[in-house]
Structures are given as structure tokens and as C-alpha cells.
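Notes for the structure review
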Amino acid sequence: MRDMPVLQDRRIVLGITGGVAAYKTPELVRHLRMAGAVVRVVLSRAARQFVAAGALAAVGAEMVDDRGPGMVHIELARWADVVLIAPATAHVLSRLAAGAADDLLTTLCLATEAPLCVAPAMNRIMWLNAATCANCAVLRERGVGFVGPGEGAQACGESGPGRMSEPGEILTALERLWDTAGSLRKVRAVVTAGATYEALDPARGFTNRSSGKMGYALAAALADHGASVTLVSGPTALPIPPRVHGITVMSACQMRDAVLACREEMDLFVAAAAVADYRPQTILTHKLKKDAETLTVTLVRNPDILAEVARLNPPPFTVGFAAETGDLETLARAKRARKGIDLIVANPIDEAGVGFAQDDNRVILIDKEGAVAWPTAPKTEIARALVREIMKRLPRTPSP
Ligand code: PMT
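Residues numbered from 1 in each chain as written. Predicted model: local features only at pLDDT ≥ 70, side-chain atom pairs only at ≥ 80, totals over all residues. Heavy atoms only, no water.

**Brief notes about the environment of Ala98**
How we decide: Secondary structure is summarised from DSSP: a helix means a run of H or I of at least four residues, a strand means a run of E of at least two, and numbering begins at the N terminus for each. Note on classification: 1.4 Å probe, protein chains only; a residue is buried when its accessible area is under 20% of the maximum for its type, exposed when over 50%, partly exposed between these limits.
For Ala98, the position within the fold is in helix 4 (residues 90-98). Judged by its relative accessible area of 64%, Ala98 falls in the exposed class. A sequence separation of 40 residues divides Ala98 from Val138, and the C-alpha atoms of the two residues are 9.1 Å apart.

Printed below as a string of C-alpha cells:
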């Protein structure tokens, strides 16, 4: 359920500071470029003693001229999907911890909202020094990612912790960072979940068996990847996941209004809610008496929220679910076409152990390219894998 070139077209600012390990950075740039990333390099003055700009440019780095016109630091800070400092000296770690802004690299680190990742490199005693430990603790606390350092022979002739991680290890760490945090940082997602409740009278109404588990897992997975998530949910027993903005509604019409209120700020719409297709034409203000032997209730069509969102101009990337009995794939394909959406996730609701209210699900993903069936798995796992599939398909957020 996974495999993706996570760094394809990702914009990486590589800050190189003055340590011997800077000689490894052309190799690091080569790895990043081969993984599909676009790399802009900020070379500190001290780093120039260890690596030549020409060597970096030769392997595909775009060298940044810090004497260029305009606000280079702001431009880079906005451009970056991630800022990586490798090697990161004890000096730059202390300046980052202090919030210094006295050169291009530290200034852009202060100005960016992109995740910051450092690969420290220094003598083992410097690495273990209480001052460095305190600086690293401050940076970790602020969410800075650390790669390494490794242990081994050092340029100073000593041996111990403080060696910069190898370029391949840094690449892997970056891919992992990407896969879990910040990769949807600029994406505003709206997710619907749970069942709607269509009141008939003050006591009764029409609803369905959706528990919200699938939609809540998706909202959590999107937030874990850094998206800003609004979860519009029917009544459920579930807590709103951390870092998710929750809006609770009852009826399909309320759900529609809550979703469309986000229309101007929606890059991604995921409709996992089981929305009632019909509602009673009239909601009685008094409790219906059981006088008659039979009862006829007139139902009227509810708005189709997903189809309406797909018709917005411009539409967000739209993901729908198809809860089906019977020929799952054929029915879901038709539903995708009818609603005009990008991706549909078909799930059976007539199989034991999956679907409504279960912890597991079995899904088939269908887009314009075709269909892929996934094996039964926990909804939380399916949500994470689905988010990765969405990330592959999402149009790139334009550079500000
Ligand atoms: O909540 P759980 O217990 O975890 O169960 C998960 C689930 C089975 C409810 C979920 O995986 C799922 O399939 N959700 C969609 C259920 C559904 O209403 O399917 P549908 O085939 O009727 O609708 C198709 C799509 O249109 C759905 O994305 C639905 O959210 C959307 N829709 C439907 C009707 C409507 N009026 N407005 C909509 O937006």
C-alpha cells in the first residue's frame, strides 16, 4: 500500500556550514537530485574553505547568491519545503538556539515555516559539551529534526560521536521526515465523517450506522502530515483528533453549509461521511403519535455535498467514498464519473468485519488511471496509505 518518490519536485534549501564534513555535500546534493528534489544551496563563509560552489553546482545545486537583490532570505524561506543544514556545526546550532539572524542561513531559518532538519558534525567533546547538549535540547523542543551524528573516526584524529551522517542516511531521514510531517503543510483539507441525522420530530430521525472511524482516521493522518484540517462531522462518540479543527453538525444540510463555508480555503476535500440522501419534507415540532397502523413519510432529496464541491470553480482535489453492496468496483466507477471527482474509495458494507463501525476496512481505489484493490487493514493504516496516495496526486502548491 505504499511506495512513492517522496522527494520528487520537493524544494530543499541546503545550508552548508563550516565543518570538514562539508566535503561530503556534493554527494548529498547528488543523492537529493537523484531522488527528484530541487536543491538550492546557501554556503556559509566558513564552509567555502571545505567545499567549492563549483562542485555543488556541477551536481545540480542552484547556488544562492546572498548578495543578490531584494529580500533573498524571505524569498528562500517561502520557497523551501524543507530547510536542511548539513553539516551543522556547534556554532550554527548555538545561533539557531539563540534565534540569531546575522547571516542569510540563520535569517531564513527564522523566517521560514518549513520544517528544519540538521545533520550535526563536530568533534566528539564539542558534541557532548553541556552547551551543545542544551542547544540541541532547545532545538528538538522546537521541532527541529536531527539526523545523526554518527560515531567513528573524526577528522581531528579522535574517535566518538560527532561524525556527520552519510549522505544516504540523510536522504533516508529526509524522506521519513517528509512522509510523516510537514509534507502537506500548505494544504487546507476539509474532511466529512460520520452519519448525518435527519430529524422527523423532536424525538426521532433517520440516520445510518457510520461511526466516523474512517473519516476521523483520515483527518488525523492528514494533520500528522502537516495539513490544516477541518473535520465536519455528524454526531459520533469519537474525540476530535489532535491539531484538527472539528465542527459537529446533525443534518446533511448543516453539513453542506459547514463544508461550503470553507470553499475559499479548501485545497482538498475528503468526503467520508455517510450522508443521508433524503430527509423528511417536514420536521414536526411535536412528537408523532402512534395512532395510525401505517405511516407514510415524504422524503425529499438532500444536497449532494461532494458533487457540489466538485463543481466549485476552481474545485479542490476531491476524494469520495462509495459504500456499496454488490459489484463494488463497477458501482464505484460510475459514482466517480457521476459526481465528477478525482478519486473514489470503494468499500463494501455487506462483508463481515469491515465497513460501518468496524475497526478494519477493505477498499478499492479508483481514479481516471484505473483501480487498485488493497487488502483488509485497520482503518488507521488505510487512512495513512490513502493520504500518501492523495499526496502523489495533489497538484503542487504554487510558490508564493
Ligand atoms: O464511519 P465508519 O463507521 O468508519 O464507516 C466508514 C464508511 C463506510 C461510512 C465510509 O468508509 C464510507 O464509505 N463513507 C461514504 C458513505 C456513503 O455515503 O457513500 P455513498 O456511496 O452514499 O456516497 C458517495 C460519496 O458522496 C461519499 O463520499 C459521501 O460522503 C458523498 N455524499 C453522499 C451523499 C450526499 N448527499 N452528499 C455527499 O457528499
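Picking up where we left off.
**Quick look at the site of the ligand**
Where we set the bar: A single heavy atom is enough: if one lies within 4 Å of a molecule or strand, its residue is considered near that molecule or strand. Think of a polar contact as two N or O atoms within 3.5 Å of one another; within protein, one of them needs to be a possible hydrogen donor and the other a possible acceptor, and neighboring residues in sequence only count if both atoms come from side chains. Exposure was quantified through the Shrake-Rupley algorithm and a 1.4 Å probe, taking into account, for residues, occlusion by the shown protein chains and nothing else. Buried and open spaces are told apart on a 1 Å grid over the protein atoms alone, a cavity being a set of points where a 1.4 Å probe fits but cannot get out and a pocket being an open set with protein on both sides within 12 Å along at least five of seven lines. Residues with an atom within 4 Å of a point are the lining residues. Should more than half of a molecule's atoms lie within 2 Å of a pocket's or cavity's grid points, that molecule is taken to sit in it. Basically, the charged four are Asp, Glu, Lys and Arg, the nonpolar ten are Ala, Val, Leu, Ile, Met, Phe, Trp, Tyr, Cys and Pro, and anything else, Gly included, counts as polar.
The ligand sits among 27 residues. The nearest are Ser210, Ser211, Lys335, Asn347 and Ala357. Lys339 is positioned such that a nitrogen or oxygen atom in its side chain is 2.8 Å from an oxygen atom of the ligand. Calculation on the ligand without its partners gives an accessible area of 760 Å², and the protein chains cover 96% of this total. Cavity membership is defined here by more than half of the atoms lying within 2 Å of grid points; on that basis the ligand lies in the largest pocket. If you list the elements that add at least two residues to the shell around the ligand, you get helix 9 (213-224), helix 11 (305-310), strand 17 (317-324) and helix 12 (328-339). With four residues, the single largest contributor to the shell around the ligand is strand 17. Here the shell around the ligand is composed, by residue class, of 14 nonpolar, seven polar and six charged.

**Focus on the pairing of strand 17**
Selection criterion: Only strands that DSSP links by at least two bridges are regarded as paired with each other. A right-handed crossover is one whose linking path, passing over the helix from the first strand to the second, runs clockwise when the strands point away from the viewer.
Along strand 17, seven of the eight residues are buried, which leaves the element largely enclosed by surrounding structure. Of the strand pairs in this sheet, strand 14 (residues 268-271) and strand 17 are connected by four bridges, and their pairing is parallel. Residue pairing in the sheet places Ala271 in a bridge with Gly320 of strand 17. Where strand 17 meets strand 18 (residues 343-348), six bridges bridge the pair, whose relative direction is parallel. Residue Ala323 lies in a different strand from strand 18, and its bridge partner there is Asn347. With helix 12 bridging strand 17 and its parallel neighbour strand 18, the resulting β-α-β unit is right-handed.

**Description of the packing of aromatic side chains**
Defined as follows: Working definition: a ring pair exists when centres of Phe, Tyr or Trp rings (six-membered ring for Trp) sit within 6.5 Å. Plane angles under 30 degrees give stacked, over 60 give edge-to-face, the rest tilted. For a Lys NZ or an Arg CZ to count as sitting over a ring, it must be within 6 Å of the ring centre and within 35 degrees of the ring normal.
This model, assessed by the stated rule, comprises zero aromatic pairs. Taking NZ or CZ as reference, Arg40 lies 4.0 Å from the ring centre of Trp79, over its face.

**Some points on the pattern of salt bridges**
For the record, the criterion: By definition here, a salt bridge exists when the distance from a side-chain nitrogen of Lys or Arg to a carboxyl oxygen of Asp or Glu is within 4 Å.
Overall, the coordinates contain 22 salt bridges when judged by the stated rule. Among the salt bridges present, the one from Asp304 reaches Lys339, with a minimum N-O distance of 2.8 Å. Of the two residues, Asp304 sits in the loop between strand 16 (299-301) and helix 11 while Lys339 sits in helix 12, which places them 35 residues apart along the sequence. One continuous salt-bridge network, built from bridges that share partners, spans Asp367, Glu389, Lys392 and Arg393.

**Examining the domain arrangement of the protein**
Keep this limit in mind: An automatic or database domain assignment provides the domain bounds reported here.
What the domain assignment lists for the protein is domain 1 (11-181) and domain 2 (188-393). Taken over C-alpha atoms, the centre of domain 1 sits 43 Å from the centre of domain 2.

**Details of the sheet that holds strand 21 (residues 370-373)**
For clarity, the threshold we go by: Note on definitions: angles span 0 to 180 degrees between N-to-C directions of axes, and those axes are lines fitted to C-alpha atoms, for helices only across the stretch in contact.
The strand order 13-12-9-14-17-18-20-21 describes an open sheet built from eight strands, whose pairing is mixed. In the strand order of this sheet, the two ends are held by strand 13 (244-248) and strand 21, each with one partner. Strand after strand, the sheet turns through a mean of 15 degrees between neighbouring axes, direction not considered. In the sheet, strand 9 (residues 188-193) pairs with strand 12 (residues 228-233) via six bridges, with the strands oriented parallel. Counterpart to Ala193 in the pairing with strand 12 is Ser233.

**A few points about the side chain of Asp201**
Here is the rule: Contacts are assigned to residue pairs that have any heavy atoms within 4.5 Å of one another.
Structurally, Asp201 can be placed in the loop between strand 10 (198-199) and strand 11 (205-206). Side-chain polar atoms of Asp201 contact the backbone nitrogen of Ala203, separated by 2.7 Å. Reaching out from Asp201, the side chain makes a polar contact with the backbone nitrogen of Leu288 at a distance of 2.9 Å. Those residues in contact with Asp201 that sit more than four places away from it in its chain are Leu284, His286, Lys287 and Leu288.

**With respect to the nonpolar core**
The line we're drawing: Among buried residues, the Ala, Val, Leu, Ile, Met, Phe, Trp, Tyr and Cys ones that are joined through side-chain atoms within 4.5 Å form a nonpolar core.
Formed by 37 residues in total, the largest nonpolar core has its most connected members in Leu218, Leu222, Leu268, Val270, Leu386 and Ile390. A total of eight residues in this core trace back to one element, the largest contributor, which is helix 9. Residues Ala35, Ala37, Ala47 and Ala86 belong to the second largest nonpolar core, which totals 32 residues.

**A short note on the packing of helix 4 against helix 7 (residues 130-141)**
Stated formally: To sort the angles, those under 35 degrees are grouped as roughly parallel, those over 145 as roughly antiparallel, those from 65 to 115 as roughly perpendicular, and the leftovers as oblique. The crossing is said to be left-handed when, going from far helix to near helix, the turn is anticlockwise and less than a right angle, and right-handed when the turn is clockwise.
The N-to-C vectors of helix 4 and helix 7 enclose an angle of 50 degrees; their axes lie 9 Å apart at closest approach. The angle between the axes of helix 4 and helix 7 places the two elements in the oblique class. The handedness of the crossing between helix 4 and helix 7 comes out as left-handed. Seen from helix 4, the contacting residues are Ala90, Leu93, Ser94, Leu96 and Ala97; seen from helix 7, they are Thr132, Asn135, Cys136, Val138 and Leu139. Looking at side-chain class alone, the contact of helix 4 with helix 7 contains seven nonpolar, three polar and no charged residues.

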